[in-house]
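# Residue-level structural notes
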Amino acid sequence: MNRHRARVGYLFVAPFLLVFVAMLVVPLAYAGYLSLFREQLIGGTTFVGLENYARALSDERLLGGVLRVGEFFLIQVPLMLLLGLFFALALDSGMLWLSRFIRLGIFVPYAVPSVVAALMWGYLYGPEFGPIAQLAETLGLPAPNLLGGSLMLGSLANIVTWEFAGYNMIILYAALRAIPSELYEAAAVDGAGAWRTAWNVKIPALRPALLMALIFSVIGSFQLFNEPQLMQRLAPNVIDSAYTPNLYAYSLAFTSQDVNYAAAVSFLLGVVIVAVSYTVQLAANRRRTP
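Residues numbered from 1 in each chain as written. Predicted model: local features only at pLDDT ≥ 70, side-chain atom pairs only at ≥ 80, totals over all residues. Heavy atoms only, no water.

### Side note on the nonpolar core
Which entries qualify depends on this criterion: In this text, buried Ala, Val, Leu, Ile, Met, Phe, Trp, Tyr and Cys residues form a nonpolar core when linked through side-chain atoms within 4.5 Å. Exposure is judged per residue with a 1.4 Å probe applied to protein chains only, and the accessible area is read against the type maximum: over 50% gives exposed, under 20% gives buried, and values in between give partly exposed. Put simply, DSSP marks the helices as runs of H or I at least four residues long and the strands as runs of E at least two long, and each gets a number from the N terminus on. It only takes one pair of heavy atoms within 4.5 Å for two residues to be counted as in contact.
Residues Phe72, Tyr125, Met152, Met231 and Tyr243 are the most contacted members of the largest nonpolar core, which totals 18 residues. Those elements that place two or more of their residues in this core are helix H5 (114-125) and helix H7 (152-177). Beyond its immediate chain neighbours, meaning those up to four positions away, Phe72 contacts Val77, Leu153, Leu156, Ala157, Val160, Ser221 and Leu224.

### Some remarks on the side chain of Thr244
Rule in force here: Side-chain atoms alone can form a polar contact between residues adjacent in sequence; in general such a contact is a pair of N or O atoms within 3.5 Å, and within protein one must be able to donate a hydrogen while the other accepts it.
Mapped onto the elements, Thr244 comes out in the loop between helix H11 (226-231) and helix H12 (245-254). Looking at Thr244, its side chain comes within polar contact range of the main-chain oxygen of Leu224, at 3.0 Å. Apart from residues lying up to four places away in sequence, Thr244 is in contact with Gly65, Val69, Leu224 and Pro228.

### A word on the UniProt feature "transmembrane region" (unreviewed entry) in the protein
This is how the line gets drawn: UniProt positions are given in the numbering used here, feature names are shortened, and annotations may be inferred rather than shown by experiment.
UniProt annotation of "transmembrane region" (unreviewed entry) refers to residues 12-33, 72-92, 104-126, 146-167, 205-225 and 261-284 when read in the numbering used here. With 81% helix and 0% strand, residues 205-225 has end C-alpha atoms that lie 33 Å from one another.

### Considerations on the pattern of salt bridges
What counts is decided by this rule: Salt bridges are defined by distance alone: a side-chain nitrogen of Lys or Arg within 4 Å of a carboxyl oxygen of Asp or Glu.
The final tally for this structure, using the stated rule, is five salt bridges. Of the charged contacts, one joins Asp240 and Arg61 as a salt bridge, the two residues approaching to 4.0 Å between their closest N and O atoms. Linking Asp240 in the loop between H11 and H12 with Arg61 in helix H3 (residues 60-92), this pair joins segments that are 179 residues apart in sequence. We note a salt bridge from Lys202 to Asp92, for which the minimum N-O separation is 2.9 Å. One end of the pair, Lys202, is in helix H9 (residues 194-205); the other, Asp92, is in helix H3, with 110 residues separating them in the sequence. Residue class for Lys202 comes out buried when judged on its relative accessible area of 11%. Asp92 sits in the buried class, given a relative accessible area of 11%. Each of Asp92, Arg177 and Lys202 takes part in one network of salt bridges that share partners.

### A few points about H9
Because an α-helix packs 3.6 residues into every turn, residues spaced three or four apart end up facing the same way. Cut-off, in case you're wondering: To estimate the expected span of a helix, subtract one from its residue number and multiply by 1.5 Å.
The end-to-end C-alpha distance of H9 is 15 Å, a good match for the 16 Å that 12 residues give at a rise of 1.5 Å each. Looking at the buried side of H9, the elements it contacts are H3, H7 and helix H8 (181-189).

Written out as structure tokens, the structure reads:
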């Protein structure tokens, strides 16, 4: 009987395992295989071992892209998580009118495809015909060059924050709804008001959800691609083919036709994401340990 149940369980799991192996494991293995070779004009494909990885570690364009997304992460992620936390606490307080409508309105940008979001904000950022530039001209102020080199990273951060603040709000709001009511009752007995309850009860209880949202944000930041790839057409002198590591790998594979080196760059980017995610999780666990 137990064997029969185990077989039935394997049958239910089999579709997921097949898709997982076919769509993730096999492509990863093939990319790892490609990263160990190099295409040459003379001699064809040659096995080079870890030479592509050594080249990537000394590639200034790749290292510059990694540092740039690191800066992007430090600027954008804290702002996005603070906004998500603020919206979640405001909705959970029960003090807002039309809270369901407000919650839906904050979450809707996440449902907008990133391509559409980048095109929409690219129009808003336009230095000549964009609404922001026109408003500045109407007020007699100089139009900010939101597509310039000094403001481009902030402009991209604004797009990503607009897209994902609602997503993080939903994660944190769901975690707030799962907090036992006994904690609120104990806080009320101690005379805690709304602000003190939020600071001493709600936010400490949200630490696991905040950590999960932070790790998701680490992964998303280092995989930044759609937004800079589309904004590159509006600001080609600012966003080059190596503006982010993902954009660099894409350019290597589909523009330069250097698939082997692109595979090595992608693998190294995966290692960086795992290392940063593990560091964040380790730091959070150490902070919680008394």
